[in-house]
Amino acid sequence: MSTDRMQRVREKRRKRLMVLGVVVVVLLVGYYFGKAYATRQIEGRIVQRLSERGLSITWEDLTWTPWRGLLMEGVSVKENQGERRPVAEVSNVSIHFPPSQFLGKDRVSLWWMKDAKVVLTDAEGTVTLDHVTLRAEARPGEVRITRATLRQQALVADVSGKVATRHPAVKRTDPFVLKLAAFRGALGALDVGSGGPFRVTGTFDVDMRQGAPYPWSTGLRGEGENIVWKGIPMNQAVADGSLSDKGSEISVLCKGEEADVWLTMKRGEWKTTPFTYDGVLKDKAGREDTFKGTYDKKVMH
């Protein structure tokens, strides 16, 4: 190869490297400024939407990447009126807005939690949930939870559902109030201390379009082996429940070493009535006995 030809080849290579370098620099600069712009846009959208519902939000750390979206850690949501009490604390949550969000077309956001700790607070106290994993899609008028899982001792829950919301959103003039009585009661009824796991699956619906109190309903099924429920060891337990703001009914079959139990628990309106229960106890010799009573505030009577 002649000297002139070699020089021309080297010159082409240098130009290609220069072009490549310029492209890399432009991409890095674009990523930096795009990251800052996208982060501000997403932050503003979150703050605005929560403010419309009477809530404020803070976080300890916030990062953004094009493939993961916005990752928020140490999130705290509070009332933005009245006593400004805490409503929820979440160890981590990721939020992604499709590009069409910023073109003014679709209004959709995707939410994820992975093995998060969640603390919910109402006037009666706090409810702590561990190992929460969540996938949800929010759009005007509806939040669809495609999957939500949690672990509480031997309890493993895996549910899906949807929440109907008011659209267009109306700025609240009254303080936001979170009420966990039904949720706290359900966790109390599913108080599986050890063994298992006791797996609960099902669906739920909540209607928040007309304001509190919100109509809600859920259908659940739970089953597990070698568990301890309310201090009672069981070889096997199966439960089917239909719960709502209007009334609830849970049917349970428990098999133990010495006897089996068929139990039905019912409850009317959550604020005013305890669970009532009645059932049949049958031992291995075939002898049967019936029983009934009430369950209220984690105590059986």
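Residues numbered from 1 in each chain as written. Predicted model: local features only at pLDDT ≥ 70, side-chain atom pairs only at ≥ 80, totals over all residues. Heavy atoms only, no water.

Our focus in this paragraph is the pairing of strand 12 (residues 232-244). As paired strands, strand 11 (residues 216-229) and strand 12 are joined by 12 bridges and run antiparallel to one another. The residue of strand 12 that forms the bridge with glycine 219 is serine 242. Joining the antiparallel neighbours strand 11 and strand 12 is a turn of 2 residues, in which lysine 230 adopts a positive phi near 55 degrees. Alignment of strand 12 against strand 13 (residues 248-255), held across 7 bridges, turns out to be antiparallel. Looking across to strand 13, one finds that aspartate 240 is bridged to serine 251. Linkage of strand 12 to strand 13, two consecutive antiparallel strands, is achieved through a turn of 3 residues. (Pairing = 2+ DSSP bridges. Helix = DSSP H or I, 4+ residues; strand = E, 2+ residues; numbered from the N terminus.)

Next up on the list: the pattern of salt bridges. The full count for this structure, using the stated rule, is 9 salt bridges. Linking arginine 209 and aspartate 207 is a salt bridge whose minimum nitrogen-to-oxygen distance equals 2.7 Å. Among the charged side chains, a network of salt bridges with common partners joins Arg221, Glu223 and Asp240. (Salt bridge = Lys/Arg side-chain N within 4 Å of Asp/Glu carboxyl O.)

The topology assignment puts aspartate 260 in strand 14 (residues 259-267). A distance of 3.5 Å separates the side chain of aspartate 260 from the side chain of lysine 284, its partner in a polar contact. Those residues in contact with aspartate 260 that lie beyond four places of it in its chain are Cys254, Lys255, Val280, Leu281, Lys282 and Lys284. (Polar contact = N/O pair within 3.5 Å; in protein donor to acceptor, adjacent residues only side chain to side chain. Contact = heavy atoms within 4.5 Å.)

On to the environment of isoleucine 95, then. Counting through the fold element by element, isoleucine 95 comes out in strand 4 (residues 86-96). According to the relative accessible area criterion, isoleucine 95 is buried, its value standing at 0%. In this structure the C-alpha to C-alpha distance between isoleucine 95 and leucine 71, which are 24 residues apart in sequence, comes to 6.5 Å. The residues touching isoleucine 95, leaving out its near neighbours within four places in the chain, are Ile46, Gly69, Leu70, Met72, Leu110 and Trp111. (Buried < 20%, exposed > 50% of the residue type's maximum accessible area, 1.4 Å probe, protein only.)

Take the nonpolar core next. Formed by 51 residues in total, the largest nonpolar core has its most connected members in Met72, Met113 and Phe198. For phenylalanine 198, the residues in contact, after removing those within four places along its chain, are Ala154, Leu155, Val156, Leu190, Val192, Gly222, Glu223, Gly224, Ile227, Ala237 and Ala239. (Core = buried A, V, L, I, M, F, W, Y, C linked by side-chain atoms within 4.5 Å.)

We now examine the environment of threonine 133. Of note, threonine 133 is situated in strand 6 (residues 125-139). With 17 residues separating them along the chain, threonine 133 and alanine 116 place their C-alpha atoms 6.5 Å apart. Setting aside its immediate chain neighbours within four residues, threonine 133 contacts Met113, Lys114, Asp115, Arg147, Ala148 and Thr149. Reaching out from threonine 133, the side chain makes a polar contact with the backbone nitrogen of aspartate 115 at a distance of 3.2 Å.

This next bit is on the packing of aromatic side chains. Per the stated rule, a full pass over the model turns up 1 aromatic pair. Considering the side-chain rings of tyrosine 277 and phenylalanine 291, the 6.2 Å spacing of their centres and the 55 degrees angle between planes classify their relative orientation as tilted. Of this pair, tyrosine 277 sits in strand 15 (residues 275-283) while phenylalanine 291 sits in strand 16 (residues 288-296), placing them 14 residues apart in sequence. By relative accessible area, tyrosine 277 is classed as buried at 11%. (Phe/Tyr/Trp six-rings, centres within 6.5 Å; stacked < 30°, edge-to-face > 60°.)

Take the confidence of the model for the protein next. Detail in the predicted coordinates should be disregarded across regions flagged by low pLDDT. Within the protein, residue pLDDT values average 78, and 74% of them lie at 70 or more. In this model, residues 22-34 is a region of pLDDT below 50 whose contacts with residues beyond four sequence positions or in other chains number 4 contacts. (pLDDT = per-residue confidence, 0-100.)

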